[in-house]
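Here is how the chains run, residue by residue.
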Amino acid sequence: MKIRFDDLSLPADGSLVVTAEKGKKLSASAEAVDKALDGAVSRAVDASRFKGGGSDALVLPSPGDGRYDRVVLLGIGKAKEFDALAAQNLGGRALAALN
């Protein structure tokens, strides 16, 4: 598996991992993906039990026009409580969701 951290520009294909805060507040990158997929991320969140909590995860297999293999939305909880340990945990959750 090849993992790459990139800027906010969206890749043409592959799998994406984006985040949301508690209260279903999408991050800037999640909003960009949602916009590119004509609201597929928002619709999936609304149709699920995803709340953006620190243990929440939502995997969207081939959403929207199918250009991405999957989009993984991970909750980070309250942004002001997101620290180095939470970031480390998020990395492990992202890896688990992609395997």
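These notes cover the structure that comes with them.

Okay, the pattern of salt bridges next. Side chains that carry opposite charge are capable of pairing whenever their charged atoms lie near each other. Counting across every chain of the model gives 1 salt bridge. Here Arg 67 makes a salt bridge to Asp 65, at a shortest N to O gap of 3.0 Å. Of the residues examined, Arg 67 reaches a relative accessible area of 31% and is grouped as partly exposed. Accessibility expressed as a relative area gives 53% for Asp 65, which makes it exposed.

Another aspect to go through is helix H3 (residues 84-98). Under the 1.5 Å per step criterion, the end-to-end length of H3 is 21 Å for 15 residues, consistent within 8% with the ideal 21 Å. Here H3 has its buried residues at Leu 90, Arg 93, Ala 94, Ala 97 and Leu 98. Along the axis of H3, the buried positions cluster into a sector of 125 degrees, meaning they face one direction only. Residues of H3 that are exposed and angled more than 90 degrees away from the buried face: Ala 84, Leu 85, Gln 88 and Ala 96. Where H3 is buried, its residues contact strand E1 (14-21) and strand E4 (68-75). Where H3 starts, the residue carrying a side-chain oxygen 3.3 Å from the main-chain nitrogen of Leu 85 turns out to be Asp 83.

The next thing to look at is the nonpolar core. By size, the foremost hydrophobic cluster in this structure holds 16 residues, and its most contacted members are Val 33, Val 41, Val 71 and Leu 73. Looking at this core, the elements with two or more residues in it are E1, helix H1 (28-36), helix H2 (40-46), strand E3 (57-61) and E4. Judged by nonpolar contacts, the second largest core, of 7 residues, contains Leu 74, Ile 76, Leu 90 and Leu 98.

As a further point, take the sheet that holds E4. Strands sit in the order E2-E1-E4-E3 across an open sheet of 4 strands; the sheet is mixed. At either end of the open sheet lies a strand with only one pairing partner, and these are strand E2 (25-26) and E3. Those strands touched by H1 are E1, E2 and E4, and its axis lies near 125 degrees from that of E1.

Rules of the game
Residues numbered from 1 in each chain as written. Predicted model: local features only at pLDDT ≥ 70, side-chain atom pairs only at ≥ 80, totals over all residues. Heavy atoms only, no water. Salt bridge = Lys/Arg side-chain N within 4 Å of Asp/Glu carboxyl O. Buried < 20%, exposed > 50% of the residue type's maximum accessible area, 1.4 Å probe, protein only. Helix = DSSP H or I, 4+ residues; strand = E, 2+ residues; numbered from the N terminus. Expected span 1.5 Å × (residues − 1). Arc of directions from axis to C-beta. Contact = heavy atoms within 4.5 Å. Polar contact = N/O pair within 3.5 Å; in protein donor to acceptor, adjacent residues only side chain to side chain. Core = buried A, V, L, I, M, F, W, Y, C linked by side-chain atoms within 4.5 Å. Pairing = 2+ DSSP bridges. Axes fitted to C-alpha atoms, helices over the stretch in contact; angles between N-to-C directions.

Function-wise, these values are silent; they only describe arrangement.
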